[in-house]
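Structural overview for review
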Amino acid sequence: MKKSLILLFIVCLLAQPAYAQFEHAQRADIKAVAVTSGENPTGVVINISVIVTPGDGRVFVSTTPYTEIDMQGSAQLAALTACDLLGMDFTKHDFFYIIEAEAPIVGGPSAGGVMTVATVAALKGLKIRNDVYMTGMIYPDGFIGPVGGLKYKLEAAASHGGKIFLIPEGQRITYVEEPKVRRVGIISIISTEYKKIDLVEYGKSLGVDVYEVRTLNDALKFFTGYEIEKPQGNFSIKAYSDILKKLAEKMKDSVMPLRKEVKSDRAEDLIKKAEEYYSEGKYYTATSLYFQSKILLRYELYKKSVVTAQQFDNEVESIENEIESLKNYLSSEEIGVNSFQIIAAAQERVAEAENLLEKAKTATTDDEALQYLAYAKERVESAKVWLSILPELGNDYEISPQEMEKRAEFYIMQAGSILVYASSLNGEQTLLNDGYEALDTAKRLLSDGLYAGAAVMAINSITDASLSIEVKYGEIGDKIEGAKEAANSAISEAEQVVFPVLPAAYYEFAESMENEYAKLMYYKLSERLAKLLTVMAKSGGERELKHVEFNPYTYYRPEKKSRIEQVLETPGFEAVYGIMAISAIAALGRKRIKGGRSK
């Protein structure tokens with residue numbers, strides 16, 4: 001009898017709608033399109049349900065039939081991006097994605113945009129139109145990225161009653177493979193040709209209106225008639241001039257003793273540039289250049305003074321003692337909302353000094369060993385310079401170590417997920433390597449109890465992973481203005497609850513960069529750090545939605561010529577445009593002696 005009751009209970013439970021099994025659940029259903037795997041690929045429709053409940057930042061994915069691992073990455077990114085765009089705390093929710101396809105499909109990146117739309121709809125209780133379809137990757141900043149198999153996906157949307165089909169900006173003109181058979185005597189020679197297709201015109205023949213969308217907000221208007229309001233505000237870097245000026249002056253003062261002992265033409269060139277930026281009021285850029293000059297001068301000093309193995313070992317031990325002393329101080333110091341960023345900057349630099357010192361000890365040449373040794377020493381010194389401006393920050397209140405630990409663990413988990421996702425998309429390898437190294441450093445900081453630095457290093461890792469995708473998909477120049485605007489908004493929002501000097505410093509540094517990749521990286525790093533500080537202050541402010549009188553037929557239609565017209569699409573292949581040369585990425589030199597991230 002007891003077994004019968006248990007069985008009856010299970011049957012009743014399974015008979016309920018999926019979301020009825022969750023407390024306080026919000027649900028959204030949306031249709032997506034994909035391409036089947038196999039020799040004769042076709043477009044298929046995917047049913048996606050998103051269920052959001054109160055929770056602690058976990059993402060669960062169920063797929064029928066089984067799809068590739070990047071569907072999990074797309075779900076993680078969709079949940080995080082939706083919360084970021086809405087100004088909601090990801091760690092307060094759990095996300096369940098139920099994905100059902102008509103047949104085995106190829107991967108999941110191209111469903112990222114649709115999954116993010118559905119996540120926003122679930123979080124805000126929006127109704128989704130069932131005659132709108134979309135394909136496109138989602139970037140962490142809310143932009144829609146290019147995908148493949150567009151012709152097949154459009155056909156699938158049309159066959160299932162779709163009236164509007166949204167594609168990534170720049171993909172109106174696409175190409176599909178067509179096999180050609182040519183007889184030469186008794187032999188058949190099969191070759192492949194590429195047929196050019198205008199998706200807007202092809203859509204008309206199928207009874208579907210095709211539009212290009214650039215951002216998640218663009219897509220949201222088509223699906224729901226709503227858009228996310230952008231926060232108002234425009235921060236001024238001048239508000240941070242006094243404290244950044246002191247940072248530059250302290251770094252400059254620390255250069256002088258080295259200049260008295262050794263000479264370096266390259267270092268003098270950097271100092272001259274630093275003086276120019278200082279006179280222009282670009283104090284953090286000046287700080288960075290002074291720092292780089294110090295590495296070169298320290299290296300010259302070591303070439304003169306560290307000439308035996310014993311001297312090298314003594315200097316390594318001396319730096320290790322400094323690192324240990326700083327770690328003891330940083331682990332015991334009370335941290336507040338404002339001081340969080342300064343302590344984090346110092347902890348980050350101490351951890352990187354440890355990394356560099358290890359590289360010095362395992363170097364294969366004396367010259368390489370001295371370069372890493374010099375870099376490690378100056379990382380330690382730069383941590384001290386950052387700590388010297390702590391007294392300049394006021395109106396602080398303490399953050400509990402438990403809250404910082406929880407936040408650091410969350411960002412480390414997200415960094416790991418996004419790195420796996422970026423790797424599955426063959427992200428730019430140099431940036432992926434940097435991302436994994438930053439993640440390892442974040443984990444070590446977490447284990448050492450240095451939670452502020454762990455959170456910031458994890459954000460560095462997320463930024464590297466995100467950028468590794470973006471530099472391979474789409475034109476980098478198109479993204480810079482959007483990244484600048486997003487960083488500006490994030491800092492303006494953070495200013496309501498904190499004095500975000502570190503994000504402001506990175507914003508200024510981005511503006512001074514000539515290299516487009518470095519510029520994009522620092523704008524994005526600035527934005528993410530500002531958001532972290534806002535969340536730590538627990539006053540982020542949820543975004544409001546505004547209804548838009550939206551008529552799809554007045555939406556901008558691009559000219560036929562596409563800037564990625566030369567991209568060749570094959571079924572199931574996620575289109576790759578503008579693969580950037582590794583040498584250009586390497587020019588960032590974030591973790592190299594000759595330049596890169598300022599410290």
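In this text, all values refer to a predicted model and were calculated from it rather than measured experimentally.

1. Topic: the overall build of the chain
Across its full length, the chain holds 19 helices and 13 strands. Within the span of the chain, comprising 599 residues, buried residues form 57% of the whole. Of all intrachain contacts in the chain linking residues separated by at least 6 positions in sequence, the fraction that spans at least 24 positions is 80%. Summing over all exposed atoms, the chain offers an accessible surface of approximately 25,300 Å²; the carbon and sulfur share of this is 50%.

2. Thoughts on the sheet that holds strand β2 (residues 43-54)
In spatial order, the strands read β1-β2-β4-β3; together these 4 strands make up an open sheet with mixed pairing. Strands with a single pairing partner mark the edges of an open sheet, and in this sheet they are β1 (26-35) and β3 (59-64). For this sheet, the mean inter-axis angle between neighbouring strands, taken without regard to orientation, is 20 degrees. Looking at chain direction, β2 and strand β4 (residues 93-101) are connected through 9 bridges and run antiparallel.

3. Side note on the sheet that holds strand β5 (residues 132-134)
Here 3 strands make up an open sheet; going across it, the order is β5-β8-β11 and the pairing parallel. One side of each edge strand has no neighbouring strand; the edge strands of this open sheet are β5 and β11 (209-213). Strand after strand, the sheet turns through a mean of 25 degrees between neighbouring axes, direction not considered. Across 5 bridges, the pairing between strand β8 (residues 164-168) and β11 is parallel. Note on β11: the bridge partner recorded for proline 168 is valine 213. Against the sheet, helix α6 (residues 216-224) engages β5, β8 and β11, with an angle of about 155 degrees to β5.

4. Details of the side chain of threonine 215
By the element assignment, threonine 215 lies in the loop between β11 and α6. Excluding residues that lie within four positions of it along the chain, threonine 215 makes contacts with Gly142, Phe143 and Ile144.

5. Overview of helix α14 (residues 429-447)
Given a rise of 1.5 Å per residue, 19 residues ought to cover 27 Å, and the 27 Å separating the end C-alpha atoms of α14 matches this to within 8%. Of the residues making up α14, those classed as buried are Thr430, Leu431, Leu432, Asp434, Gly435, Ala438, Leu439, Thr441, Ala442, Leu445 and Leu446. Between the side-chain oxygen at the start of α14 and the backbone nitrogen of threonine 430 there is a gap of 3.0 Å, and the oxygen is on glutamate 428. Looking at the residues trailing α14, positive phi occurs at glycine 449, about 80 degrees.

6. Examining the layout of surface pockets
Empty pockets left among the atoms are what a rolling probe the size of a water molecule brings to light. Roughly 660 Å³ of internal volume is contained in the largest pocket. Of all the secondary-structure elements, those providing two or more residues to the lining of the largest pocket are α2 (70-86), α6, β12 (226-228), α16 (476-494) and α18 (516-536). With 9 residues, α16 is the largest single contributor of residues to the lining of the largest pocket.

7. Details of the pairing of β11
The element β11 is largely enclosed, with a buried count of 5 among its 5 residues. What you see with β11 is no split at all: Asp209, Tyr211 and Val213 on one side and Val210 and Glu212 on the other are buried throughout.

8. Observations regarding the pattern of salt bridges
For the structure on display, the rule yields 32 salt bridges. We note a salt bridge from lysine 204 to glutamate 201, for which the minimum N-O separation is 3.7 Å. Within this pair, lysine 204 and its partner glutamate 201 are both found in helix α5 (residues 199-206), separated by 3 residues, close to a single helical turn. Its relative accessible area of 36% is what places glutamate 201 among the partly exposed residues. Between lysine 384 and glutamate 381 there is a salt bridge, and its shortest N-O distance comes to 3.3 Å.

9. Focus: the environment of serine 236
Topologically, serine 236 is positioned in the loop between β12 and α7 (241-261). Under the relative-accessibility criterion, serine 236 is labelled partly exposed at 37%. Counting along the chain gives 256 residues from serine 236 to serine 492, while the straight-line C-alpha distance between them is 8.7 Å.

10. Some remarks on the confidence of the model for the chain
Per-residue pLDDT for the chain averages 83, and the proportion of residues at 70 or more is 82%. Within the chain, β5 carries the highest mean pLDDT (97), whereas helix α19 (residues 582-586) carries the lowest (35). Low pLDDT (under 50) marks residues 1-19, which in the prediction has 8 contacts with non-local residues, meaning those over four places away or in another chain.

11. A few points about helix α3 (residues 112-124)
Taking 1.5 Å of rise per residue, the 13 residues of α3 would be expected to cover 18 Å, and the 18 Å separating its terminal C-alpha atoms lies within 8% of that figure. Within α3, 12 of the 13 residues are buried, which leaves it mostly tucked inside the rest of the structure. Burial in α3 covers these residues: Gly112, Gly113, Val114, Met115, Thr116, Val117, Ala118, Thr119, Val120, Ala121, Ala122 and Leu123.

12. So, the packing of helix α4 (residues 150-159) against α5
It is the contact of α4 with α5, at a shortest axis distance of 10 Å, that shows an interaxial angle of 25 degrees. Regarding the angle of α4 to α5, the classification is roughly parallel. Considering how the two elements wind past one another, α4 and α5 form a crossing that is right-handed. Only Leu199, Tyr202, Gly203 and Leu206 of α5 make contact with α4, whose side of the interface consists of Leu150, Lys151, Leu154, Glu155 and Ala158. Its residues assigned to classes, the contact of α4 with α5 shows 6 nonpolar, 1 polar and 2 charged.

What counts and how
- Residues numbered from 1 in each chain as written.
- Predicted model: local features only at pLDDT ≥ 70, side-chain atom pairs only at ≥ 80, totals over all residues.
- Heavy atoms only, no water.
- Helix = DSSP H or I, 4+ residues; strand = E, 2+ residues; numbered from the N terminus.
- Buried < 20%, exposed > 50% of the residue type's maximum accessible area, 1.4 Å probe, protein only.
- Contact = heavy atoms within 4.5 Å.
- Areas by Shrake-Rupley, 256 points an atom, 1.4 Å probe, with all protein chains shown as cover.
- Pairing = 2+ DSSP bridges.
- Axes fitted to C-alpha atoms, helices over the stretch in contact; angles between N-to-C directions.
- Expected span 1.5 Å × (residues − 1).
- Polar contact = N/O pair within 3.5 Å; in protein donor to acceptor, adjacent residues only side chain to side chain.
- 1 Å grid on protein atoms, 1.4 Å probe; cavity = no way out; pocket = protein on both sides within 12 Å on 5 of 7 lines; lining within 4 Å.
- Points joined across faces, edges and corners; volume = space filled by probe spheres on them.
- Salt bridge = Lys/Arg side-chain N within 4 Å of Asp/Glu carboxyl O.
- pLDDT = per-residue confidence, 0-100.
- Parallel < 35°, antiparallel > 145°, perpendicular 65-115°, else oblique.
- Left-handed = near helix turned anticlockwise from the far one by under 90°.
- Nonpolar A, V, L, I, M, F, W, Y, C, P; charged D, E, K, R; others polar.

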